[in-house]
Amino acid sequence: MHNKTLITLLIGAVTTGLSGIALAQTPVPAPAAPPLFATTKVEGTDNVYIFRYQNHQAMFIVTPAGVIATDPISYGRPQAAKTYLEEIGKITKAPVKYLIYSHHHYDHIAGGKPFKDAGAKVVAHKRAKERLATLKGLDVVIPDEAVNGKRTITLGGTTLELVDTGRNHSDSSLVMFLPKEKIIFAVDFNSLGAVPSRLAVNDSYPTEWEASLKRTLALKWDRQIPGHPGPGGRLGTREDMEKQLAFMTDLSTEVKKAADAGKCFDPAGKEVRLPQYGTLTGYEANIEWNIHRWCGYWGRGI
């Protein structure tokens, strides 16, 4: 090989190597943050929408006779309710007839005044109305109507069933069921492929939660709109709820054994594990909080 050719090849090899190093050191750009809010129509429906603001979301249904809206999701961000109504206004000029609370926790139901001012009737679980009337929270509208057991709303050809499936994450949850579309809006008591967080289980009702999931599964639905976006923004499935029920049932069994052996709260928090659920999101971060809550129930009667 001629010296000139050899030199050219060597220069080429060095340049390629340096190029590779440069490429390897180039930082990978972080994924773009999602927009502050978004409104999307639920695939396969004519009139069901999801309004998301940051990490909270609500369902609304558009009919010729008016709109049924849920959770104003404006805790600490009053602009969310205004944006929510503006987004509805882009789709229909029909008035908002109903605003329905999923449960009484402020992060989902604060900010109802703009809806009330627009003429909406505020509806919630009987226990939610009682709690909110006592709490008198800022920026929280007291419901006009309380649901005790079940209530069916029919508006503009759409039927929405409000169903109390029992105590779970709260004692005031309503499942909103669209029988024609086979969709439910259920908030905070069914995690999508995840172990419930500390906030979800702190003041929950452990064994009643399992019963509530069973009653919810008895409704004839296929898809769930959650109160917080699911992984990749997907909707929930019956499998998600069945998996959460299985997790809670198995957790309850194991923690009861630990409680009967005098291990609650410690060392149960470190010893009880459910490796079969280890692939659920938040397993490592949240398993001890779940054990602690079930230990409170089985070990202290709390």
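Residues numbered from 1 in each chain as written. Predicted model: local features only at pLDDT ≥ 70, side-chain atom pairs only at ≥ 80, totals over all residues. Heavy atoms only, no water.

Caption draft 1: Quick peek at the pairing of strand β9 (residues 158-163). Burial within β9 is extensive, with five of its six residues counted as buried. Pairing geometry for strand β8 (residues 150-155) and β9, over six bridges, is antiparallel. The partner of I153 across the bridge, within β9, is L160. Where β8 folds back onto β9 in an antiparallel hairpin, the turn is made up of two residues, including G156, whose phi is positive at roughly 55 degrees. One ladder, built from three bridges, connects β9 with strand β10 (residues 175-178); its direction is antiparallel. When the sheet's bridge partners are listed, E161 is paired in β10 with F177. (Buried < 20%, exposed > 50% of the residue type's maximum accessible area, 1.4 Å probe, protein only. Helix = DSSP H or I, 4+ residues; strand = E, 2+ residues; numbered from the N terminus. Pairing = 2+ DSSP bridges.)

Caption draft 2: Spotlight on the packing of helix α8 (residues 238-260) against helix α10 (residues 283-300). Where α8 contacts α10, the axes come no closer than 9 Å and their chain directions differ by 60 degrees. The angle between α8 and α10 places the two elements in the oblique class. Note that α8 runs across α10; the crossing there is right-handed. Between α8, through F247, M248, L251, S252, V255, K256 and A259, and α10, the contact on the second element is made entirely by I287, N290, I291, W294, C295, W298 and G299. Along the lines of polarity and charge, the residues of the contact of α8 with α10 split into ten nonpolar, three polar and one charged. (Axes fitted to C-alpha atoms, helices over the stretch in contact; angles between N-to-C directions. Parallel < 35°, antiparallel > 145°, perpendicular 65-115°, else oblique. Left-handed = near helix turned anticlockwise from the far one by under 90°. Contact = heavy atoms within 4.5 Å. Nonpolar A, V, L, I, M, F, W, Y, C, P; charged D, E, K, R; others polar.)

Caption draft 3: Up close: the packing of aromatic side chains. Per the stated rule, a full pass over the model turns up eleven aromatic pairs. Ring geometry for F37 versus F51: centroids 6.5 Å apart, planes at 40 degrees, classification tilted. Of the two residues, F37 sits in strand β1 (residues 37-41) while F51 sits in strand β2 (residues 48-53), which places them 14 residues apart along the sequence. Residue F37 is classed as partly exposed on the basis of its relative accessible area of 31%. (Phe/Tyr/Trp six-rings, centres within 6.5 Å; stacked < 30°, edge-to-face > 60°.)

Caption draft 4: Local environment of the packing of helix α7 (residues 206-217) against α10. Following both chains from N to C, one finds α7 and α10 inclined at 110 degrees, their axes separated by 9 Å at the closest point. In terms of their interaxial angle, α7 and α10 are classed as roughly perpendicular. In contact with P206, T207, W209 and E210 of α7, α10 contributes R293, W294, Y297 and W298. Class assignment of the residues belonging to the contact of α7 with α10 gives a composition of five nonpolar, one polar and two charged.

Caption draft 5: Up close: the layout of surface pockets. Put simply, the largest pocket is a space of about 780 Å³. Taken together, 34 residues line the largest pocket, and the ones lying closest to its centre are H169, D188, S197, A200 and H228. The residue makeup of the lining of the largest pocket, split by class, is 14 nonpolar, 15 polar and five charged. Of the voids in this model, the second largest pocket is the one considered here, and its volume is about 270 Å³. If you trace the second largest pocket, you find 16 residues lining it, with T40, I50, Q57, G233 and R234 closest to the centre. Of all elements in the fold, only β1, β2 and β12 (223-226) reach the threshold of two or more residues within the lining of the second largest pocket. (1 Å grid on protein atoms, 1.4 Å probe; cavity = no way out; pocket = protein on both sides within 12 Å on 5 of 7 lines; lining within 4 Å. Points joined across faces, edges and corners; volume = space filled by probe spheres on them.)

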